[in-house]
Every structure is written in C-alpha cells, then in structure tokens.
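# Fold and contact review
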Amino acid sequence: MPVRRIVIAGDPVLHRSAALVTEVDDALRTLVADMVETNDAANGVGLAAPQIGVGLRVFIWKMANDDGVPATGHVINPIVTTSRVPHEPPDPHDEAEGCLSVPGESFPLKRAATAHVVGTDLDGNTMEFDATGWFARCMQHEYDHLNGTLYVDRLEDRWRKKARKAVKRNGWGTPGHSWLPGVDADPFGHGEDDAPDEHLA
C-alpha cells in the first residue's frame, strides 16, 4: 500500500470526467488501499482517484460525522445529489475550503447543506446515505473531482481571480506537477501527529 503522488491543478486527469468502474478486481482493491494510505499521509479527509492520476469513478473519505455513516469509507461509481446551494456569499472563515490538488491554498465556497450519496463498495454491496454539514461538503468536493471539476472552478468571481493568481504564482496550471505526502513538506503545515483537516479533500 504505497503512498502515491498527488497531482496538481493543470494535470489533464483532474479536468475531465472519470470513467465508470466496470470491474472490481485486485487492481481496484489495491487502488483503494493506496488512496487510503495517501490520504492519511496527506492529513486529508477525502481523496478521489483522479487526484492520484487514475481516471476512475471512486473516492474515499476519512471524516467523523453526525450522520451515522462510518468515519472511513469508499464508494465506487457514486451518484451525489444535493439540496439547493444558498445564494448568499460564502463566509470567508467558516466556509473556506481546500484541496490536496491545489496544495497550500484555501478559498471560501458556498456548498449545499446536504448531500445524498448512492454507490457500491468493493464487495458489490449497494450503499446509500445522507450527509450533512462538512461531511456533505466533502462528498460534494470528491464527487466534483470525478466530473473533472476542482473546487476553485466553482468560486465566486472575487475568489476565482485570487485562485487563478495562486495557480500562476505557484507555476501550476500545466501537466507534470505533483507532490508526495510524507516526503515533500506538507503544503498545509500539518505535523505528523495532526488530525485530518476537515477542510482538505
């Protein structure tokens, strides 16, 4: 279960829809295990396969929640539907979101308060649950990755301009950029013993 490199904004796999998983085999099981290991090393709360360069519709999470859903899990070929996204501006402090594929940056984004998730697991079982609060935000964030959307693509104009400047400042926006959790310096400043950051997926 090696930690894999996390690709950064500009890599094509992050900007196109991922393919449906058609077979649950040892390769997929290894992929999910590697995603869990990578997410732990990155202090994240979620990780989608495209973030490690694999264009398949699967994501994992590690996040405590109030919805009766296990704090760690994975979902294959998910469908995520949400409540209406409020029209008011996001709170710059309480709704700041981050992404392991836009490392070291965070910007406020308004998300729906609830998300309904349906998919399957590695054993072929159907899974279905409702997520609320930051867990719902995590589900929406990871599902966006499967559809070729980064959270910075959803920002309001003011914050989108800041995000674009950050991408340019860091030299991203083109293929070939990545970082290796546990080896490269943590871009969000976590220590080895820090708990997962609920803002990062």
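Placed above this text is the structure.
How each quantity is defined
- Residues numbered from 1 in each chain as written.
- Predicted model: local features only at pLDDT ≥ 70, side-chain atom pairs only at ≥ 80, totals over all residues.
- Heavy atoms only, no water.
- Core = buried A, V, L, I, M, F, W, Y, C linked by side-chain atoms within 4.5 Å.
- Buried < 20%, exposed > 50% of the residue type's maximum accessible area, 1.4 Å probe, protein only.
- Helix = DSSP H or I, 4+ residues; strand = E, 2+ residues; numbered from the N terminus.
- Contact = heavy atoms within 4.5 Å.
- Phe/Tyr/Trp six-rings, centres within 6.5 Å; stacked < 30°, edge-to-face > 60°.
- Lys NZ or Arg CZ within 6 Å of the ring centre and 35° of its normal.

## A word on the nonpolar core
As a rule of thumb, nonpolar side chains are buried together in soluble globular proteins. Core analysis: the biggest nonpolar cluster contains 35 residues, and L31, M35, V102, F107, Y151, V152 and L155 have the highest contact counts within it. Elements represented by at least two residues in this core include exactly β1 (6–7), α1 (26–41), β3 (58–62) and α3 (157–169). Beyond its immediate stretch of four places on either side in the chain, V152 contacts V102, F107, R160 and A163. Ranked by size, the runner-up nonpolar core spans 20 residues in total, among them A131, F135, M139 and Y143.

## Thoughts on the environment of P12
Here P12 is to be found in the loop between β1 and α1. P12 sits in the partly exposed class, given a relative accessible area of 38%.

## So, the packing of aromatic side chains
Counting across every chain of the model gives 3 aromatic pairs. Taking the centre distance of 6.0 Å and the plane angle of 65 degrees together, the rings of W61 and F135 count as edge-to-face. Taken as a pair, W61 in strand β3 and F135 in helix α2 (residues 133–146) lie far apart in primary sequence, 74 residues in all. A relative accessible area of 3% places W61 in the buried class. Judged by relative accessible area, which is 2%, F135 ranks as buried. Members of the aromatic cluster, joined through ring pairs, are W61, F129 and F135. Its end group placed over the ring of W134, R137 keeps NZ or CZ at 4.5 Å from the ring centre.

Bear in mind that shape data such as this cannot, by itself, settle questions of function.
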